[in-house]
2 protein chains.
Amino acid sequence: MRRALITGGAGFLGSTLADRLLDDGVEVAILDDFRTGRQEFVADALERGADLFEGDVLDEDLLESAIAGADIVFHLQANADVRRGLEHPRKDLRENAIATSNVLEAMRAAGVHRIAFSSTGSVYGEPDVSPTPEDAPFPVQTSLYGASKVAAEGLISAYVHGFGFSATVFRLVSLLGERYTHGHVIDFYRALRRDPTRLRVLGDGRQEKSYLYVKDCVEAMVMATEHQGEAPGLGVYNLGTDATVVVDESVALITAHLGVNPTIEKAGGRRGWAGDSPLIKLDISKIRALGWAPTLSIPEAIGRTLDWLDSEPAIALPSETVAS
Amino acid sequence: MRRALITGGAGFLGSTLADRLLDDGVEVAILDDFRTGRQEFVADALERGADLFEGDVLDEDLLESAIAGADIVFHLQANADVRRGLEHPRKDLRENAIATSNVLEAMRAAGVHRIAFSSTGSVYGEPDVSPTPEDAPFPVQTSLYGASKVAAEGLISAYVHGFGFSATVFRLVSLLGERYTHGHVIDFYRALRRDPTRLRVLGDGRQEKSYLYVKDCVEAMVMATEHQGEAPGLGVYNLGTDATVVVDESVALITAHLGVNPTIEKAGGRRGWAGDSPLIKLDISKIRALGWAPTLSIPEAIGRTLDWLDSEPAIALPSETVAS
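Criteria and cut-off values
Residues numbered from 1 in each chain as written. Chains lettered and ligands numbered in written order. Predicted model: local features only at pLDDT ≥ 70, side-chain atom pairs only at ≥ 80, totals over all residues. Axes fitted to C-alpha atoms, helices over the stretch in contact; angles between N-to-C directions. Helix = DSSP H or I, 4+ residues; strand = E, 2+ residues; numbered from the N terminus. Parallel < 35°, antiparallel > 145°, perpendicular 65-115°, else oblique. Left-handed = near helix turned anticlockwise from the far one by under 90°. Contact = placed C-beta atoms within 7 Å. Nonpolar A, V, L, I, M, F, W, Y, C, P; charged D, E, K, R; others polar. Core = buried A, V, L, I, M, F, W, Y, C linked by C-beta atoms within 7 Å. Buried ≥ 20, exposed ≤ 12 C-beta atoms within 10 Å, placed from the backbone. Expected span 1.5 Å × (residues − 1). Arc of directions from axis to C-beta. Pairing = 2+ DSSP bridges.

(A) Main features of the packing of helix H4 (residues 91-110) of chain A against helix H5 (residues 144-163) of chain A. Residues and elements named next belong to chain A. Taken N-terminus to C-terminus, the directions of H4 and H5 make an angle of 15°; their axes are 7 Å apart at the nearest point. By the angle class used here, H4 and H5 are roughly parallel. As H4 runs across H5, the sense of the crossing is right-handed. Contacts between H4 and H5 involve Asp92, Leu93, Asn96, Ala97, Thr100, Ser101, Leu104 and Arg108 from the first element and Leu144, Tyr145, Ser148, Lys149, Ala151, Ala152, Leu155, Ile156, Tyr159 and Phe163 from the second. Taken together, the residues of the contact of H4 with H5 sort by class into eleven nonpolar, four polar and three charged.

Structure representation (structure tokens):
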């Protein structure tokens, strides 16, 4: 690849990918609306020559400008507010499926045929098979987020077959590491910094989850995308680790890091929230077969995340949080 | 069910279902924009008391009116122009996925929680397993039509999990029978009525397809929907026959019916068109387990279709076709 457009390029994953591609000498264009992305995450990249397009992929004119000259699009922009899908039932469809349709159409108009896409392990719903392989039985969607990502995957796949696109689709577990800005680690971290004596945990604490260190994720994405190449075709890869942690273990790591000993209050129930899956563990043998392996275990990635939160009080403890 | 809204209720399948529900004493509301639906298909139903709402489900106000008082929605309206998905790449997403999102939101607003949906066997793409069961491996979409139907299925499923909907999803093969207005039988019929000496066939003539008689389809839909009931849950059913025909056999039945002996010109190639699947054969053991069985074989259903076309020259041979 010579020049890459990264949608959502100022976000946690996108900005980490931007830095990594710049290291490789790839020109980078970043499109981001800074709703969850942050200026400081791309400051370095911009200094190293990355171009910034401020807005979202629902703005077709902006998208056209951003895509000009690119030979690949990493389409990472998404509605990442997985938990609140039911509060805004059209939001996932618009920001994940329709947005992806816009990206594909802009690519087609610009003659760009290579795409990498961040999908989610949530597309498997509540799978009968665990660890879940890419060719698991036709899944039943349990969240609007998963449904919208399945829709986006389907569109991409149809462009591979109909328009000769080359596509690499990544079904991700949750990510951890530097620039982490939302999810259970920061929620628990903030809560315990506010009140170290008690911690409220959704669900029963036994939900088993798999996480991946963000830089390991980026390495896998670059490796698989290079492997997929430019010829028409579709590669779908689960990205995660072989291990899992349960919420209770996460809590133990976070309280140990902070040196606190709170009373744990559990809301109970198998799910943390409606649409949450009690177990997401992906079979990653396909990406491993390319020679990739994660460098950090989940506890190490949690540790890296906590160290980073310690060093970034503006993110870890924004003023309204400290004040509350 | 007491009162049913049928979107696409003036179409081939929808109007046949409307008549069937009226036979059962169910009140029927029909929403249709008459792009492919036809006034004469619903004339009987309207006389028997069905209510008509003219427009499409992208019109949210109309949808709200149409849904009032219903306790179930049969959402059949769709972009059925499967072959030309690549000419209008946003059309399938809008008319199938976004339209379904509108229906689901209108249902939620009206407190209606029971939906039946016409999906397609095309969601399986080019399956490795044939006959293809409902829990086939996670499919790769080969058409925008299939992708948009997968998106709609996913949304429906997410509403089952998130909002307690009861949903029955039908993955259909192509339908045949009275009120058939588009597809290969009418294409061949018209071509041979215009010029009985030659017939151009897309693909190599060996594409194997499964078809279902429309009234058999409606019986299966009513049976499975009743079986699914009102409690939250999702039932997914393939609807087809155990048999298949190849295009060459269809052609032989049609030429025999018309008493013509054309030269067959084959375009060649495994697919009839880009995104066409060379084999759609569904495993229908799940719907059979409910006690349903098709009453007509595919050749009988083709015969029924041809008899109907003979009796409906305004549809079978519209003036512009005769003139050309």
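(B) Geometry of the nonpolar core. Within the largest apolar cluster, 199 residues are counted, with the highest numbers of intra-cluster contacts made by Ile30 and Cys217 of chain A together with Ile30, Leu155 and Cys217 of chain B. Leaving out residues up to four positions away in the same chain, cysteine 217 of chain A has contacts with Leu13, Leu172, Leu175, Leu212 and Leu239 of chain A.

(C) Layout of helix H10 (residues 298-311) of chain B. All names here are of chain B. The end-to-end C-alpha distance of H10 is 20 Å, a good match for the 20 Å that 14 residues give at a rise of 1.5 Å each. Buried residues of H10: Ile298, Ala301, Ile302, Thr305, Leu306 and Leu309, and no others. For H10, the buried positions fall inside an angular range of 140° around the axis, keeping them on one side. In this structure, H10 carries Asp310 and Ser311 as exposed residues pointing more than 90 degrees from its buried face. Against the buried residues of H10 lie strand E7 (174-176), helix H6 (184-194), strand E10 (211-213), strand E12 (245-246), helix H8 (247-258) and helix H11 (313-316).

(D) Geometry of the interface of chain A and chain B. Taken residue by residue, the interface counts 32 residues in chain A and 32 residues in chain B. Those elements giving two or more residues to the side of chain A that touches chain B turn out to be H4 and H5 of chain A. Top element by residues in the side of chain A that touches chain B is H5 of chain A. It accounts for eleven residues. Along the lines of polarity and charge, the residues of the side of chain A that touches chain B split into 18 nonpolar, ten polar and four charged.

(E) Local environment of the sheet that holds strand E11 (residues 233-239) of chain A. Residues and elements named next belong to chain A. Here seven strands make up an open sheet; going across it, the order is E3-E2-E1-E4-E5-E6-E11 and the pairing parallel. Of all strands in the sheet, those bounded by a partner on one side alone are strand E3 (51-54) and E11. For this sheet the average axis-to-axis angle between neighbouring strands, irrespective of direction, equals 15°. Sheet analysis places strand E4 (residues 72-75) next to strand E5 (residues 114-120), joined by three bridges and oriented parallel. Looking across to E5, one finds that histidine 75 is bridged to phenylalanine 117. Along the sheet, H4 makes contact with strand E1 (3-7), E4 and E5, crossing E4 at roughly 175°. Along the sheet, H5 contacts E5, strand E6 (166-172) and E11; its crossing angle with E5, the most-contacted strand, is approximately 160°.

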